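Spelled out from the first residue to the last, the chains are:
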Amino acid sequence: MSFETISVVGLGYIGLPTAAMFASRKKKVIGVDVNQHAVDTINRGEIHIVEPDLDMLVSAAVQQEYLKAVTTPEPADAFLIAVPTPFKSCEEVVIPEPDLSYIESAAMAIAPVLKKGDLVILESTSPVGATEQMAAWLAEARQDLSFPQAAGEQADINVAHCPERVLPGKVVTELVQNDRVIGGMSKRCSERCVELYKTFVMGECVITNARTAEMAKLTENSSRDVQIAFANELSMICDELDIDVWELIALANRHPRVNILQPGPGVGGHCIAVDPWFIVSKTPETAKIIHTARSVNDHKPEWVINKVNVAVTDFLNLNPKKTAKDVTIACYGLAFKPDIDDLRESPALDITKSIAKNHVGKVLAIEPNITSIEIDNIELVSLEESLSKTDIHVMLVDHRQFKKMKLNDAFIIDTKGIW
Ligand code: SAJ
């Protein structure tokens, strides 16, 4: 049975591009989101998020009437759930627990419109067991239908996990070109899922089971987190030993089997700093390296802030007539990674905010990808302006505009090694 109508639940950074991609292949797509503003924006053919080339895709899909957005689910042949899976915020806990409430709400919302033959796919990055949990919620809500956990290959509803793996900033290309990991709850679930994704995926669709697919996604992001932690730890070791970490990494990477990543001010974004906790919280006694890597990366912003404080003291020792009030600090970059405008979960932004909160003098921010910011004691200025006014320069994000400049001032904290 082919898929005539596809519903995508959650129209964010993953759901909206995915919905638009199906629509571009002339599938009827119903996008669902609880956010009325997002729904209205999409129905005007516009987008509420920043992602290269997505605006054209959405505008064409809406104009040709292949894509519409709604707040309440409607019947469809396949449902893709792409909602957030953050961790529960609780100050006291050492290991954050995943919050599956958005998946539960999405499952409850689609349950009333499910019909025999439908396929439900969980795309959200999820802890191991979440797909089975989602299927259990659906089965509880729809006792008139059978599900794979009880009926296997004969189930009325097929359920699978197919984690999203696209890189923010390259979503439109990677959606088409990346391989997909397909974890069906039965062989039939996987086969149906492959059939659906083959509508636009040019990469290979590799079949496994749901639990392995969940773990595969968490492993990819944890692997990157561990590798970045290694680079961040090296940067702190090298600082103690008076060695240039950038030269060191470049030298070590000349070995044919060594490929060290780059240190920075910490790890940002909503994936790599979150997903490893989903492994650690399930297996806290065993996931030692993954846990330590998270702690190393989470500690890096504090280390940078401490470096800035030391620089202020050194500056005042060299300029005894000045007080801290006379010292201007400039922070270069606020985004969570280079050449994007996304400030969410950004260590650069956290560091700048912390400096602004504690420093009595001026704090300037240079962020070429945004036009305004409203945070106490942070003044958004141009590159030229900061260069003429600043006493202490703090490089936080290696945006392309910053790579062109050469800085020879005495007081530089360069977390990206570009000056
Ligand atoms: N970073 C470093 N040093 C490096 C590389 C990155 O400090 O050498 C930092 C970045 O500055 C940033 C953070 O790590 O703060 C994460 O950036 P990223 O570019 O590594 O990854 P994301 O979060 O934009 O996207 C990741 C991707 N996962 C992998 O590359 C394994 C993407 O494919 C996933 O789909 C995405 O997470 C997700 O949604 O899970």
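Going along each chain's sequence as written, the residues are numbered from 1 onward. Since the coordinates come from a predicted model, pLDDT governs what is reported: local features require at least 70, and pairs of side-chain atoms require 80 or more to be given and counted, while whole-chain, interface and lining totals use all residues. With hydrogens and water set aside, each side-chain value is computed from the structure's full complement of heavy atoms.

Undergrad: Help me understand the site of the ligand in this model?
TA: The near set for a molecule or strand comprises every residue that places at least one heavy atom within 4 Å of it. With respect to spatial proximity, 19 residues lie near the ligand, and among them E164, V166, K217, R224 and F336 are the closest. Counting of polar contacts relies on pairs of N or O atoms within 3.5 Å, with two restrictions inside protein: one atom must be capable of donating a hydrogen and the other of accepting it, and residues adjacent in sequence are counted only when both atoms are side-chain atoms. Here an oxygen atom of the ligand sits 2.7 Å away from a polar atom, N or O, in the main chain of F336. Out of a free accessible area of 780 Å², the ligand has 87% covered by protein chains. Note on definitions: the grid is 1 Å and covers protein atoms alone; a cavity is a set of points where a 1.4 Å probe fits but cannot get out; a pocket is an open set with protein on both sides within 12 Å along at least five of seven lines; lining residues have an atom within 4 Å of a point. A cavity or pocket is said to hold a molecule if more than half of that molecule's atoms lie within 2 Å of its grid points. Judged by the proximity of its atoms to the pocket grid, the ligand belongs to the second largest pocket. Counting residues per element, the shell around the ligand draws most heavily on helix α9 (residues 210–241), which supplies 5 residues. For this scheme, ten residues count as nonpolar: Ala, Val, Leu, Ile, Met, Phe, Trp, Tyr, Cys and Pro. Four count as charged, namely Asp, Glu, Lys and Arg, and the remainder, Gly too, count as polar. In terms of residue class, the shell around the ligand is built from 9 nonpolar, 3 polar and 7 charged. All accessible areas in this document rest on Shrake-Rupley with a 1.4 Å probe, and a residue is counted as covered only by the protein chains that are shown. Note on conventions: DSSP H or I runs of at least 4 residues are helices, E runs of at least 2 residues are strands, and numbering of each starts at the N terminus.

Undergrad: Whenever I open this one, the pattern of salt bridges confuses me. Can you help?
TA: Side chains carrying opposite charge are able to pair once their charged atoms draw close together. One side-chain nitrogen of Lys or Arg within 4 Å of one carboxyl oxygen of Asp or Glu is enough to make a salt bridge. Tallied over the full model, the rule gives 18 salt bridges. Between E379 and K362 there is a salt bridge, with its nearest N and O atoms 3.9 Å apart. Of the two residues, E379 sits in strand β11 (residues 379–380) while K362 sits in the loop between α13 (347–358) and β10 (363–366), which places them 17 residues apart along the sequence. Residue E385 is joined to K389 by a salt bridge in which the shortest nitrogen-to-oxygen separation is 2.8 Å. Note that E385 and K389 are positioned in helix α14 (residues 383–389) at a spacing of 4 residues, about one turn of the helix.

Undergrad: Quick question: what am I supposed to make of the sheet that holds strand β1 (residues 5–9) here?
TA: Hydrogen bonds between backbone groups are what pair the strands of a sheet, and the pairing can be parallel or antiparallel. The sheet built from 8 strands is open, its strands ordered β3-β2-β1-β4-β5-β6-β7-β8 with mixed pairing. Among the strands making up the open sheet, the edge pair consists of β3 (67–70) and β8 (205–209). Each strand axis lies, on average, 25 degrees off the axis of its neighbour in the sheet, ignoring direction. Running at roughly 160 degrees to strand β4 (residues 78–81), helix α4 (residues 101–110) makes contact with β1, β4 and β5 (119–122) of the sheet. For two strands to count as paired, DSSP must find a minimum of two bridges between them. Angular values range over 0 to 180 degrees, each being the angle between N-to-C directions of two axes fitted as lines to C-alpha atoms, with helices fitted over their stretch in contact. Between two residues, a contact is recorded if the distance between any of their heavy atoms is within 4.5 Å.

Undergrad: Teacher, can you tell me more about the sheet that holds strand β9 (residues 329–332) here?
TA: The strand order β11-β10-β9-β12-β13 describes an open sheet built from 5 strands, whose pairing is parallel. At either end of the open sheet lies a strand with only one pairing partner, and these are β11 and β13 (412–414). Pairing between β9 and strand β12 (residues 392–395): 4 bridges, direction parallel. Of the residues in β12, the one forming a bridge with A330 is H393. With respect to the sheet, α13 is in contact with β9 and β10, its orientation differing from that of β10 by roughly 160 degrees.

Undergrad: What should I look at first to understand a nonpolar patch on the surface in this one?
TA: Judged by side-chain polarity, I237, L241 and I243 come together as a nonpolar surface patch covering roughly 270 Å² of accessible area. Three exposure classes are used, based on accessible area relative to the maximum for each residue type with a 1.4 Å probe and protein chains only: buried under 20%, partly exposed in between, and exposed over 50%. Residue I243 is classed as partly exposed on the basis of its relative accessible area, which comes to 42%. Patches draw on residues past 30% relative accessible area with no salt bridge. Two like charges within 9 Å are joined, as are two nonpolar side chains (Val, Leu, Ile, Met, Phe, Trp, Tyr) within 5 Å.

Undergrad: Can you help me understand the domain arrangement of the protein in this one?
TA: Interfaces are often sized by the accessible area lost when the parts come together. The source of the domain bounds is an automatic or database domain assignment. For the protein, the assigned domains read domain 1 (5–211) and domain 2 (220–414). The straight-line distance from the C-alpha centre of domain 1 to that of domain 2 is 34 Å. With 17 residues of domain 1 at the interface, the matching set in domain 2 holds 15 residues. Note on domain 1 versus domain 2: buried area summed over both sides is about 1,400 Å², and carbon and sulfur give 67% of it. Note on definitions: buried area is the accessible-area loss of two parts on being combined, 1.4 Å probe, summed for both.

Undergrad: I tried to follow the layout of surface pockets on my own but got confused; where do I start?
TA: Picture a little ball the size of a water molecule; that probe, rolled over the atoms, points out where space is still empty. The volume enclosed by the second largest pocket comes to roughly 900 Å³. In terms of lining, the second largest pocket is formed by 35 residues, of which the most central are L167, R224, I228, I272 and K337. Per-element tally for the lining of the second largest pocket: the top contributor is α9, with 5 residues. Residues of the lining of the second largest pocket, tallied by class, amount to 16 nonpolar, 9 polar and 10 charged. In this structure, the lining of the second largest pocket is formed jointly by two domains, domain 1 (5–211) and domain 2 (220–414), each of which donates at least three residues. Grid points are joined across faces, edges and corners, and a volume is the space filled by probe spheres set on the points.

Undergrad: Would you mind showing me how to read the nonpolar core here?
TA: As a rule of thumb, soluble globular proteins bury nonpolar side chains together. Among the nonpolar cores identified, the biggest contains 42 residues, and I42, V58, L67, L80, I121, L196 and Y197 are the most heavily contacted of them. When residues of this core are assigned to their parent elements, the largest contribution, 6 residues, is made by helix α1 (residues 15–24). Counting 27 residues, the second largest nonpolar core, distinct from the first, contains V32, I81, A135 and L138. Nonpolar cores are built from buried Ala, Val, Leu, Ile, Met, Phe, Trp, Tyr and Cys residues. Side-chain atoms within 4.5 Å join them into one set.

Undergrad: Is there a simple way to think about helix α3 (residues 54–63) in this case?
TA: Along an α-helix, residues three or four apart share an orientation, since each turn contains 3.6 residues. All buried positions along α3 are accounted for by L54, L57, V58, A61 and V62. Projected down its long axis, α3 shows its buried positions confined to an angular sector of 120 degrees, all on one face. Opposite the buried face of α3, by more than 90 degrees, sit the exposed residues M56 and Q63. Residues of α3 that are buried sit in contact with α1, α2 (36–43), β3 and α7 (171–177). In the stretch just after α3, E65 is the one whose phi turns positive, near 65 degrees. For this quantity, the arc is that covered by the directions from the helix axis to the C-beta atoms.

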